[in-house]
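# An overview of the molecular structure
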Amino acid sequence: MKGFRKDFLWGGATAANQYEGAWDVDGKGPSVSDMCTNGSHTTPKRVTREFEEGTLYPSREATDFYHHYQEDIALAAEMGFKCFRMSIAWTRIFPTGMEKEPNEAGLAFYDKVFDECRKYDIEPLVTISHYEMPYALVEKCNGWEGRECIEYYMNYCKAVFERYKDKVKYWLTFNEINSGTMPMGNVLSLGTIKGYTGSVMETPDNPQIRFQALHHQFVASALAVQYAHIHYPQFMMGNMCIFATMYPYTCNPDDIIETQKQMQMMNWFSSDIHVRGYYPSYSERFFEENHITIRKEPEDDEILKKGTVDFYTFSYYMSNCVSTDPEVKAQSGGNLMGGVTNPYLKASDWGWQIDPKGLRYTLNELYGRYQIPLMVVENGLGAYDKLEEDGSIHDDYRIGYLREHIREMKEAVKDGVDLMGYTPWGWIDVVSASTGEMAKRYGFVYVDKYDDGTGDLGRRKKDSFWWYKKVIASNGEDLD
Ligand code: BG6
């Protein structure tokens, strides 16, 4: 029976905005995430136009990869990582996004990071834009609503492609680009929050603007892919989507149709464009019914067609159900969207429903549709960890979650899915994207950093560290 490929990319994932810190060091400019305060499971984080004295902005220090990169990459190497998914902070390279020349100190930092990875034979997988954009572009053109962002993004891509062409092979154009199909995308990925101060859950939302901004991202992504294919044929260019798997709550055909509709616009729409190179037919009706008109330049369709990706990557944390019955309430949580609770599943402390078999199902659906290599670039359990007096952290709940998901990935491989790798989220503790908390931890490595901003940033190995090391060493065979 088939197992994981011999060159399977085992590793872990992070993002600059939640991990790097050093938000204003060596010429870095402020990004949207630097303007976000902390929050909690019950109190949403806020985005502020001006810096508010006495307020905590957790991304500004985060868990300080900037000053710990050698120690952290050594820890990754000790676990046997083959791959490290990370992102470059756009504002470290172009502090306002609009400069003509890149910031040399920013470029030099990632040189050191990639050299350190190479020292241990760890393949970097780089997300070009992960939930941050220069805040100056929010003020200039309402983020991605402004078509000029395409040019700014391309300047950034060209600078990093050229600089790291011998150090990085795998690139992802945008993290979870389909977050732009939902109101939360205004803050997280689109920057369509000009002049706004307030809760990230209540940003002014105009679907016309949001989908127009998303269109600009699709064009930017396709241009970056096309440019890379022409100038750097050794690169592998991927997209990245959230896959929020949905099941009909009942076999009532109304639930089936509603689930299909939601799956189309949430999960398939963006990647259909990335992989196939054109807007899917079902989106026309959605735009019509929601009074959305996408303004395209004459060249856009051709750009989308020429910029299709080489591999598809996604985050998978949970699944939800969909119901058309007004009596059935949507109560479960999820990354960016909740849904109806599935009575067959348990949930995390944040209400995200744990569904390993859903990952096998999703991998099969994806591969059946696209027939290109897939990679799970985020998965994991956000949980409260207890630091024992002797410095140990016994996170058997995390091991259990990951074990079951890896088992189901293996089943999917046996089903015939071409799976390239697996990089669980936040392999070292980072700030939570949805809540701005430190208490919601995913890592194999604990970082001494807390929600009030205190902590000495010391690193400690959790039980899962040793477990994952064994998993990698056995290429996914030893999961006990
Ligand atoms: C994904 C994002 O949505 O989920 C990450 O790409 C994020 O940036 C991760 O951190 C987990 O979500 P959260 O809200 O628990 O940090």
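Our structure's up above, just so we're on the same page.
Residues numbered from 1 in each chain as written. Predicted model: local features only at pLDDT ≥ 70, side-chain atom pairs only at ≥ 80, totals over all residues. Heavy atoms only, no water.

## Looking at the nonpolar core
In this structure, Trp144, Trp171 and Trp427 are the most contacted members of the largest nonpolar core, which totals 142 residues. With sequence-adjacent residues up to four places away left out, Trp144 is seen in contact with Trp90, Met133, Cys149, Ile150, Tyr153, Phe174, Ser189, Leu190, Ala213, His216, Gln217 and Ala220. (Core = buried A, V, L, I, M, F, W, Y, C linked by side-chain atoms within 4.5 Å. Buried < 20%, exposed > 50% of the residue type's maximum accessible area, 1.4 Å probe, protein only. Contact = heavy atoms within 4.5 Å.)

## Some points on the pattern of salt bridges
For the structure on display, the rule yields 40 salt bridges. Linking Lys140 and Glu148 is a salt bridge whose minimum nitrogen-to-oxygen distance equals 3.5 Å. Overall, Glu148 belongs to the partly exposed group, its relative accessible area being 30%. Asp205 serves as the salt-bridge partner of Arg210, at 2.7 Å between the closest nitrogen and oxygen. Salt bridges sharing common partners tie together Asp385, Asp395, Arg398, Asp429, Arg441 and Lys462. (Salt bridge = Lys/Arg side-chain N within 4 Å of Asp/Glu carboxyl O.)

## Here's the deal with the packing of aromatic side chains
For any pair of aromatic rings, the description rests on two quantities: the centre-to-centre distance and the angle between the ring planes. Taken as a whole, this structure holds 52 aromatic pairs when the rule is applied. Between the aromatic rings of Trp10 and Tyr422, the centroid separation amounts to 6.2 Å while the plane-to-plane angle is 90°, which identifies the pairing as edge-to-face. Of the two residues, Trp10 sits in strand S1 (residues 9-13) while Tyr422 sits in strand S16 (residues 419-422), which places them 412 residues apart along the sequence. A residue is classified by how much of its surface remains accessible, and Trp10, at 1% relative accessible area, is buried. Each ring, one from Phe65 and one from Phe109, has its centre 6.2 Å from the other, and the planes form 80°; the classification is edge-to-face. Pair noted here: Phe65 is in helix H2 (residues 65-79) and Phe109 is in helix H4 (residues 104-119), with a separation of 44 residues, a long-range link. Overall, the relative accessible area of 2% leaves Phe65 in the buried class. On the basis of relative accessible area, Phe109 is assigned to the buried category, the value being 2%. In this arrangement the basic side chain of Arg60 is found over the ring face of Trp23, its NZ or CZ atom lying 3.7 Å from the centre. Above the ring of Tyr57, the side-chain terminus of Arg60 is found at 4.5 Å from the ring centroid. (Phe/Tyr/Trp six-rings, centres within 6.5 Å; stacked < 30°, edge-to-face > 60°. Helix = DSSP H or I, 4+ residues; strand = E, 2+ residues; numbered from the N terminus. Lys NZ or Arg CZ within 6 Å of the ring centre and 35° of its normal.)

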